Amino acid sequence: MHIQENLEKILNTIPPHVTLVAVSKTRPPEDILEAYHAGHKIFGENKAQELISKQPELPDDIQWHFIGHLQRNKVKYIAPFVSMIQSADSFRLLREINKEALKVNRRIDCLLQFHIATEETKFGLDMEEAKEILDSREFSKFEGIRIRGVMGMATFTDDKDKVATEFKSLKNIFDRLKSSYFSDKDYFTFISGGMSGDYPVAIREGCNIIRVGTDIFGERQY
Ligand SMILES: *Cc1c(COP(=O)(O)O)cnc(C)c1O
């Protein structure tokens with residue numbers, strides 16, 4: 001694999017305001033180090049166990065984004081070091097992240113994950129659930145988390161119009177939350193969508209974080 005060239009190719013085609021998260025799930029530390037030495041510092045993992053075992057072996061200034069479904073009983077292991085949890089998809093999970101963040105004197109950046117795909121299997125909130133969280137008194141007192149934006153996964157399909165529609169809905173969700181809850185909050189800025197197959201569409205539709213694995217590291221072997 002030509003990790004450095006792949007990274008450069010992507011970075012040369014995306015606008016400067018878009019953050020690239022290199023999705024390193026299933027990849028050995030050597031691959032991550034190759035990207036790191038090419039200057040990349042932001043990596044994404046989707047399994048707590050895998051992240052916990054890799055993190056101590058790798059440089060301290062890596063920013064780890066958690067992007068998978070997170071079980072509440074695993075939050076305590078990643079809370080001390082995780083840079084952002086992109087996949088906050090329930091009140092109960094946010095409550096746990098808040099609790100564990102406070103224990104280690106941190107405020108953890110989170111994205112609210114929304115269900116934008118037609119596929120049943122994907123996790124995420126709908127608008128009603130998000131409002132319930134954001135309207136609650138309990139949430140307003142959480143000092144251990146900061147909601148930085150939204151995240152979504154489009155349907156896995158070649159139908160670019162469908163994918164575009166789904167990312168549009170994510171942008172729309174972001175805009176509505178921004179005006180209702182975060183209009184005076186400079187930190188509410190992120191819309192995370194787009195993977196190897198669909199990140200150009202995601203960017204066109206307003207996403208400013210993309211999460212790319214295969215196009216950087218090659219096909220995953222499970
Ligand atoms: C694996 C994964 C990605 C990256 O997928 P690629 O197709 O390899 O780019 C992005 N987001 C999430 C949530 C993932 O689990």
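Structure's up top.
Calculation rules
Residues numbered from 1 in each chain as written. Predicted model: local features only at pLDDT ≥ 70, side-chain atom pairs only at ≥ 80, totals over all residues. Heavy atoms only, no water. Helix = DSSP H or I, 4+ residues; strand = E, 2+ residues; numbered from the N terminus. Expected span 1.5 Å × (residues − 1). Buried < 20%, exposed > 50% of the residue type's maximum accessible area, 1.4 Å probe, protein only. Contact = heavy atoms within 4.5 Å. 1 Å grid on protein atoms, 1.4 Å probe; cavity = no way out; pocket = protein on both sides within 12 Å on 5 of 7 lines; lining within 4 Å. Points joined across faces, edges and corners; volume = space filled by probe spheres on them. Nonpolar A, V, L, I, M, F, W, Y, C, P; charged D, E, K, R; others polar. Phe/Tyr/Trp six-rings, centres within 6.5 Å; stacked < 30°, edge-to-face > 60°. Lys NZ or Arg CZ within 6 Å of the ring centre and 35° of its normal. Axes fitted to C-alpha atoms, helices over the stretch in contact; angles between N-to-C directions. Parallel < 35°, antiparallel > 145°, perpendicular 65-115°, else oblique. Left-handed = near helix turned anticlockwise from the far one by under 90°. Salt bridge = Lys/Arg side-chain N within 4 Å of Asp/Glu carboxyl O. Near = heavy atom within 4 Å. Polar contact = N/O pair within 3.5 Å; in protein donor to acceptor, adjacent residues only side chain to side chain. Areas by Shrake-Rupley, 256 points an atom, 1.4 Å probe, with all protein chains shown as cover.

*Asks:* Can you lay out helix α5 (residues 91–103) for me, pointing to particular residues and giving the numbers?
*Replies:* Since the α-helix turns once every 3.6 residues, residues separated by three or four places project in the same direction. The end-to-end C-alpha separation of α5 is 19 Å, in line with the 18 Å expected for 13 residues at 1.5 Å each. When α5 is considered as a whole, its buried residues turn out to be Leu-93, Leu-94, Glu-96, Ile-97, Asn-98, Glu-100 and Ala-101. Buried residues belonging to α5 abut α4 (75–78), β4 (84–88), β5 (108–114), α6 (127–135) and β6 (145–152). One or two positions beyond α5, positive phi appears at Asn-105, with a value near 55°.

*Asks:* Can you break down the layout of surface pockets residue by residue, with the values?
*Replies:* Approximately 260 Å³ is the volume found for the second largest pocket. Together, 13 residues line the second largest pocket, and Phe-139, Ser-140, Phe-182, Lys-185 and Tyr-187 are the ones closest to its centre. Put simply, the parts of the chain that give the lining of the second largest pocket at least two residues each are α7 (137–140) and β6. By residue number, the principal contributor to the lining of the second largest pocket is β6, which donates three residues. Its residues placed into classes, the lining of the second largest pocket shows eight nonpolar, one polar and four charged.

*Asks:* Describe the packing of aromatic side chains, listing the residues and the values that go with them.
*Replies:* For the structure on display, the rule yields five aromatic pairs. Taking 6.0 Å as the distance between ring centres and 45° as the angle between the ring planes, the aromatic pair formed by Phe-43 and Trp-64 counts as tilted. Of this pair, Phe-43 sits in strand β2 (residues 42–45) while Trp-64 sits in strand β3 (residues 63–66); the two residues are 21 residues apart in sequence, bridging distant segments of the chain. This pair shows no difference in class: Phe-43 is buried, exactly as Trp-64 is. Every member of this aromatic cluster is reached through a ring pair, and the members are Phe-91, Phe-139 and Phe-142. Lying across the ring of Phe-91, Arg-95 places its NZ or CZ 4.8 Å from the centre. Arg-146 extends its terminal NZ or CZ atom over the ring of Tyr-187, reaching a point 4.8 Å from the ring centre.

*Asks:* Describe in detail the packing of α6 against helix α8 (residues 160–181), supporting the description with residues and values.
*Replies:* Taken N-terminus to C-terminus, the directions of α6 and α8 make an angle of 25°; their axes are 12 Å apart at the nearest point. When the axis of α6 is compared with that of α8, the two are roughly parallel. Here α6 and α8 pass one another in a crossing that is right-handed. Counting all contacts with α6, which are made through Met-127, Lys-131, Leu-134 and Asp-135, the residues of α8 involved are Ile-173, Arg-176, Leu-177 and Tyr-181. Split by residue class, the contact of α6 with α8 holds five nonpolar, no polar and three charged.

*Asks:* Talk me through the pattern of salt bridges; I want residue IDs and the actual numbers.
*Replies:* Inspection of every chain in the model, using the stated rule, returns 12 salt bridges. The salt bridge partner of Glu-45 is Lys-54, with a shortest N-O separation of 2.7 Å. Taking relative accessible area as the criterion, Glu-45 reaches 0% and is therefore assigned buried. A salt bridge links Glu-143 to Arg-107; its shortest N-O distance comes to 3.2 Å. Placement of Glu-143 in the loop between α7 and β6 and of Arg-107 in the loop between α5 and β5 is noted, with a sequence separation of 36 residues between them. Residue Glu-143 is classed as partly exposed on the basis of its relative accessible area, which comes to 48%. Given a relative accessible area of 37%, Arg-107 falls into the partly exposed group.

*Asks:* Please set out the site of the ligand residue by residue, giving values where relevant.
*Replies:* Neighbouring the ligand are the residues Val-23, Lys-25, Asn-46, Ile-67, Met-153, Met-195, Ser-196, Arg-211, Val-212, Gly-213, Thr-214 and Arg-220. Between Lys-25 and the ligand, the recorded distance is 2.6 Å, taken from a side-chain N or O atom to an oxygen atom. Taking 390 Å² as the accessible area of the ligand by itself, protein coverage stands at 91%. When its residues are assigned to classes, the shell around the ligand shows five nonpolar, four polar and three charged.

*Asks:* Hey, could you go over the packing of helix α1 (residues 3–13) against helix α2 (residues 29–37) for me, with residue numbers and the actual values?
*Replies:* Following both chains from N to C, one finds α1 and α2 inclined at 50°, their axes separated by 9 Å at the closest point. Classified by the angle their axes make, α1 and α2 are oblique. In terms of crossing hand, the pair formed by α1 and α2 is right-handed. Of α2, the residues touching α1 (which contributes Ile-3, Gln-4 and Leu-7) are Asp-31, Glu-34 and Ala-35. Looking at side-chain class alone, the contact of α1 with α2 contains three nonpolar, one polar and two charged residues.

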